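Residue-level listing of the chains:
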There are 2 protein chains.
Amino acid sequence: MQRILSRELPLRVGERVTIAGWVHRRRLLKSVAFLIVRDRAGLAQVVVAEPATRELLCKLTEETIVEVEAEVVANAAAPAGVELTDPVVRAPDGAAVPPPFDLYRPQLTATLPTMLDHAAVALRHGPRQQAFRMSAAAVAGFRAALDSEGFVEVHTPKVVASATESGANVFALDWFGRPAYLAQSPQFYKQTLVGVFERVYEVGPVFRAEPHDTVRHLAQYTSLDVELGFISDHRDVMRVLRDVLAAMTASVAQREAAAVAALGLTLPDVPAEIPQVHFADALALVGAALGEDLSAEPDLAPAHERWLGEWARREHGSDFLFVTGYPMAKRPFYTHPDPARPAYSNGFDLLFRGIELVTGGQRLHRYEDYVAALAAAGEPIGPYESYVEVFRHGMPRHGGFAIGLERFMMRLLEATNVREVTLFPRDLHRLTP
Amino acid sequence: MQRILSRELPLRVGERVTIAGWVHRRRLLKSVAFLIVRDRAGLAQVVVAEPATRELLCKLTEETIVEVEAEVVANAAAPAGVELTDPVVRAPDGAAVPPPFDLYRPQLTATLPTMLDHAAVALRHGPRQQAFRMSAAAVAGFRAALDSEGFVEVHTPKVVASATESGANVFALDWFGRPAYLAQSPQFYKQTLVGVFERVYEVGPVFRAEPHDTVRHLAQYTSLDVELGFISDHRDVMRVLRDVLAAMTASVAQREAAAVAALGLTLPDVPAEIPQVHFADALALVGAALGEDLSAEPDLAPAHERWLGEWARREHGSDFLFVTGYPMAKRPFYTHPDPARPAYSNGFDLLFRGIELVTGGQRLHRYEDYVAALAAAGEPIGPYESYVEVFRHGMPRHGGFAIGLERFMMRLLEATNVREVTLFPRDLHRLTP
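Residues numbered from 1 in each chain as written. Chains lettered and ligands numbered in written order. Predicted model: local features only at pLDDT ≥ 70, side-chain atom pairs only at ≥ 80, totals over all residues. Heavy atoms only, no water.

If you check an unreviewed UniProt entry, chain A appears there as Aspartate--tRNA(Asp/Asn) ligase from Luedemannella flava. According to the UniProt record, the Catalytic activity (unreviewed entry) comment for chain A reads "tRNA(Asx) + L-aspartate + ATP = L-aspartyl-tRNA(Asx) + AMP + diphosphate". (UniProt positions renumbered as here; feature names shortened; annotations may be inferred.)

Right, here's the structure in full:
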């Protein structure tokens, strides 16, 4: 008999059907037993009265794969108003070894390291599963927004010949006897491809040999990269970012409404115009509010970003805040300066609930500017040669941004550790599973 | 003035507009000059009569970025029936260095290595651009088909602790002082995640330290991976694959109709039921037709696959052919045997126009079967421990497949080298750009 999903049961009252899934939970009461079966659509309650089936049920540990043929009966007290009675229960491969924690409890009682060690089963826990379904919905929203604006999806190399862009924090590997490095970002490729398609995006892994063990850093994460040409300046990039974030949030709300409700989440409103503050003004605001003198080493520490997040919520009713005009000294060499105030850049960060979520900006687009910028940074041009060549051949004004998917989900779910929203995290210590 | 795209010109006849793009070509005739501007939507013809502008035009080499403000005039002889007259031409960043080949010619005259060395500009050539737009459309079709069938998109680690799966052909790297390897496929992760989501897919890079220099092998390629649970056997997997291929082809036809027409392509029909032949029967057919005795070392060489491709077209009118039941000895240890003929597997290949495009099949799903399969393969269980653990905790019958995106595009475009359909190829020799 064709398997149906648990969510189809309310449409099949009075029929005999087959479901299949995992033993989620058993409750053996005196007069009756309940078997809760979990499938990808949810849970189904099976009522077991017959002694032989009850005896079988005693042996079918949690997570055993079962097939249940039974009658669908309406019962207002059961999940979704239906339950299955008079069942024939089969466990085609015998009983499973139960996982080291109870998946049916609302909270997993294990520590995060234990959950990560046993990711294969910990990920089956309802709230964890839902987080990753929401993540998939967010990425679908990202792509839909960009597809509708004429962007082309690309796939670029993850192994490169030079440890460029930030020098440190790269993973070295042996490429047929030659030294090579894992790509820290598709930055150079996406810029190059603006020369081909004008507008590109990539969803892919990036690698940072991040030696710090923090709750928000991973050695591999999923980067949502965007780059577009024929802009006036960074403000055109910020407008695209705004639309992308709105589409990501809307896609989560629409495709995973049940998960959002189950997790009790409040999704952020993305304002039609995200408020923005210039770096210099942000520094003055924060300095005055916290009584700190920030003029010596102008930078925004995490505590300052948190304060700005609260300020944006209070003053503008927004979970998001653009900080524009970061000092050139704080940005990578390919950053375009603000023509009116060249010590400041046409680069921005986007804070989401007081944490940096996105970095972006306008890039240099003229060959001479790259030569000058590399010289100013004291970098030889050699390792950058295959990158900067394109700027001799006609490149429009362009810019872009990158969203860290796991960091976005971390903030959306208000998780305390980015590893909670990563299927199989990679970091300083963790290389398995 | 707001920039418009070349394709919007026919709607703006009689107006003054601004376009922006690259100098695609200049034609300096005696009485008049033509400037062809290329943007992401196509080409626009600008008529230059005024002497000063003509003089400027002489300096604006191919690929220079230009902005043109001009009047839109109907002209049945011009591209899309319109041209731009009375122009003001600006080149905000001066003249570009022309690329080492003429991008305006129907065929690039450079060799493939030259094109790959200068990918940043060679990719701007119309037919090359179109190939990658079609590739993006194919991937969008892949995702749409699976999203509508309840699959969840996942992102898995690309760096792993053990050189498993095929042992050889892995890239080694230094992970914070520990040995690690680039993932050859997301095989183990997608199987594990069937235990979580039942149905998963991933679009991501895979890495093969392929020491052979052939027209169809890359050291990094984009794998379209699918895995699903609660199947009966491999035939359920083949049905999903058929639907996915149909969706990929339909998406290319719909989203990139102009590119398909420009390239003169005939897209394949994906039959509602793709014809299939058992490996043993295929061997007999090929052996008889080619007068070869294939019983000693049963395998299908590329020449045999080509013959089968022609046979499928002739006998079944199909560009696609499933070869099922590959010998267990030819498949990886996680392959599920055919219960009726255990020397053969529930694994299949899909041939597309006579070349292997997809490998897939049903996998083992019971812990004891993995222990036995690894022992039979003479492999210790240690390196596989974090992979096989999940099979103790309840795994449904499952299977899946992987499509090599570049190989799919290579066949679709009838390209002779997979590097023609890869933005920035990585192979034995090539690590830049």
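And the narrative resumes.
**Focus: the UniProt feature "binding site: ATP" (unreviewed entry) in chain A**
All names here are of chain A. Annotation from UniProt places "binding site: ATP" (unreviewed entry) at Arg208, Ala209, Glu210, Arg216, His217, Leu218, Glu356, Gly404, Leu405, Glu406 and Arg407. As for its position among the elements, His217 is in the loop between strand E10 (199–207) and strand E11 (220–229). Taking relative accessible area as the criterion, His217 reaches 26% and is therefore assigned partly exposed. Of the polar contacts made by the side chain of His217, one reaches the side chain of Thr214; its length is 2.7 Å. (Helix = DSSP H or I, 4+ residues; strand = E, 2+ residues; numbered from the N terminus. Buried < 20%, exposed > 50% of the residue type's maximum accessible area, 1.4 Å probe, protein only. Polar contact = N/O pair within 3.5 Å; in protein donor to acceptor, adjacent residues only side chain to side chain.)

**Brief notes about the interface of chain B and chain A**
On the chain A side, the residues contacting the 89 residues of chain B number 89 residues. Contact between chain B and chain A buries roughly 7500 Å² in total, counting both sides, with carbon and sulfur atoms accounting for 63%. Sorting the residues of chain B by area buried against chain A places B:Phe176, B:His393 and B:Leu431 first, and these three jointly supply 10% of that buried surface. Here chain B and chain A share ten salt bridges between them. The salt bridge involving A:Arg40 is made with B:Glu198; its shortest N-O contact spans 3.0 Å. Taken together, chain B and chain A are joined by 39 residue pairs in polar contact (both at pLDDT 80 or more). The residue inventory of the side of chain B that touches chain A, partitioned by class, reads 48 nonpolar, 16 polar and 25 charged. (Contact = heavy atoms within 4.5 Å. Buried area = accessible area lost by both parts, 1.4 Å probe. Salt bridge = Lys/Arg side-chain N within 4 Å of Asp/Glu carboxyl O. Nonpolar A, V, L, I, M, F, W, Y, C, P; charged D, E, K, R; others polar.)

**Observations regarding the domain arrangement of chain A**
Each assigned domain of chain A is listed here: domain 1 (6–90) and domain 2 (120–421). Taking only C-alpha atoms, the centre of domain 1 of chain A and the centre of domain 2 of chain A are 47 Å apart. (Domains from an automatic or database assignment.)

**Observations concerning the sheet that holds strand E16 (residues 347–352) of chain B**
Residues and elements named next belong to chain B. The mixed open sheet is built from eight strands, whose spatial order is E6-E10-E11-E18-E17-E16-E13-E12. Single-partner strands in this sheet number two, and they are strand E6 (152–153) and strand E12 (276–278). Pairing of E6 with strand E10 (residues 199–207), which is carried by two bridges, proceeds in the parallel orientation. Bridge pairing links Val152 to Val200 in E10. Lying on the sheet, helix H4 (residues 126–147) is in contact with E6, E10, strand E11 (220–229) and strand E18 (398–404); it crosses E10 at an angle near 155 degrees. Packing against the sheet, helix H9 (residues 302–316) makes contact with E12, strand E13 (320–324), E16 and strand E17 (355–363), and its axis sits at approximately 125 degrees to E13. (Pairing = 2+ DSSP bridges. Axes fitted to C-alpha atoms, helices over the stretch in contact; angles between N-to-C directions.)

**Thoughts on the relation of the copies chain B and chain A**
The transform that puts chain B on chain A rotates by 180 degrees and translates by 0.0 Å along the axis, for an RMSD of 0.0 Å. Here the transformation between the copies is reduced to the relation of a two-fold axis. Looking at the rotation axis and the C-alpha trace of chain B, the residue lying nearest is B:Leu173, at 2.1 Å. Both copies present the same face, since 100% of the interface residues in chain B are matched by interface residues at the equivalent positions in chain A. (Least-squares fit on C-alpha atoms with pLDDT ≥ 70 in both.)

**A look at the nonpolar core**
Nonpolar side chains in soluble globular proteins tend to be buried together. Formed by 49 residues in total, the largest nonpolar core has its most connected members in A:Phe142, A:Leu245, A:Phe401, A:Ile403 and A:Phe408. Here the element with the most residues in this core is helix H6 (residues 234–255) of chain A; it accounts for nine residues. Not counting the four nearest positions on each side in its chain, A:Leu245 is found in contact with A:Val270, A:Ile274, A:Phe320, A:Leu350, A:Leu357, A:Ile403 and A:Phe408. With 48 residues, the next largest nonpolar core counts B:Ala138, B:Val203, B:Phe320 and B:Met409 among its residues. (Core = buried A, V, L, I, M, F, W, Y, C linked by side-chain atoms within 4.5 Å.)

**Points about the pairing of strand E15 (residues 341–345) of chain B**
Both strand E14 (residues 337–338) of chain B and E15(B) contribute to a ladder of two bridges, which runs antiparallel. In the strand pairing of E15(B), B:Pro337 is matched with B:Ser345.

**Looking at the packing of helix H4 (residues 126–147) of chain A against H6(A)**
Residues and elements named next belong to chain A. The N-to-C vectors of H4 and H6 enclose an angle of 135 degrees; their axes lie 7 Å apart at closest approach. Judged by the angle between their axes, H4 and H6 are oblique. Seen from above, H4 lies across H6 with right-handed handedness. Two secondary-structure elements touch here, H4 through Met134, Ala137, Ala138, Ala140, Gly141, Phe142, Ala145 and Leu146 and H6 through Val240, Asp243, Val244, Ala247, Met248, Ser251, Val252 and Arg255. Looking at side-chain class alone, the contact of H4 with H6 contains twelve nonpolar, two polar and two charged residues. (Parallel < 35°, antiparallel > 145°, perpendicular 65-115°, else oblique. Left-handed = near helix turned anticlockwise from the far one by under 90°.)

**Regarding the packing of aromatic side chains**
Scanning all chains against the criterion turns up 40 aromatic pairs over all chains. Between A:Phe279 and A:Tyr326, the aromatic rings sit 5.0 Å apart at their centres with planes inclined by 50 degrees, giving tilted as the arrangement. In this pair, A:Phe279 sits in helix H8 (residues 279–290) while A:Tyr326 sits in the loop between strand E13 (320–324) and strand E14 (337–338), placing the two residues 47 residues apart along the sequence. Aromatic ring contacts, followed pair by pair, group A:Phe188, A:Phe333, A:Tyr334, A:Tyr370, A:Tyr384, A:Tyr387 and A:Phe391 into a single cluster. Cation over ring: A:Arg3 sits above B:Phe230, and NZ or CZ is 4.0 Å from the ring centre. Its guanidinium or amino end placed over the ring of B:Tyr326, B:Arg331 lies 4.5 Å from that ring's centre, counting from NZ or CZ. (Phe/Tyr/Trp six-rings, centres within 6.5 Å; stacked < 30°, edge-to-face > 60°. Lys NZ or Arg CZ within 6 Å of the ring centre and 35° of its normal.)

**Focus: helix H5 (residues 187–197) of chain B**
All names here are of chain B. The buried fraction of H5 is high, at eleven of eleven residues. Considered for burial, the residues of H5 that qualify are Gln187, Phe188, Tyr189, Lys190, Gln191, Thr192, Leu193, Val194, Gly195, Val196 and Phe197. Downstream of H5 by a residue or two, Glu198 has a phi angle that is positive, lying close to 70 degrees.

**Focus on the sheet that holds strand E17 (residues 355–363) of chain A**
Residue and element names in this part refer to chain A. Reading across the sheet, the eight strands line up as E6-E10-E11-E18-E17-E16-E13-E12 and stay open at both edges, with mixed pairing between neighbours. Lying at the two open borders of the sheet, with one neighbouring strand each, are strand E6 (152–153) and strand E12 (276–278). Lying over the sheet, H4 contacts E6, E10, E11 and strand E18 (398–404), oriented at roughly 155 degrees with respect to E10. Of the strands in this sheet, E11, E12, E13, strand E16 (347–352), E17 and E18 touch H6, which is tilted by about 30 degrees from E18.

**Observations regarding the side chain of B:Glu63**
Take B:Glu63: it is sitting in the loop between helix H1 (51–59) and strand E4 (65–74). Apart from the residues within four sequence positions on either side, B:Glu63 is in contact with A:His393, A:Gly394, B:Trp22, B:Val23, B:Arg38, B:Ala96, B:Pro99, B:Leu103 and B:Arg124.

**A few points about the pattern of salt bridges**
Tallied over the full model, the rule gives 60 salt bridges over all chains. Residue A:Lys190 pairs with A:Asp225 through a salt bridge whose shortest N-O separation is 2.5 Å. One end of the pair, A:Lys190, is in helix H5 (residues 187–197); the other, A:Asp225, is in strand E11, with 35 residues separating them in the sequence. No difference in accessibility class separates A:Lys190 from A:Asp225, as the two residues are buried. Ionic pairing is found between B:Asp349 and B:Arg331, a salt bridge with its closest N-O pair at 3.1 Å. Of the two residues, B:Asp349 is situated in strand E16 and B:Arg331 in the loop between E13 and E14; the sequence distance between them amounts to 18 residues. According to the relative accessible area criterion, B:Asp349 is buried, its value standing at 5%.

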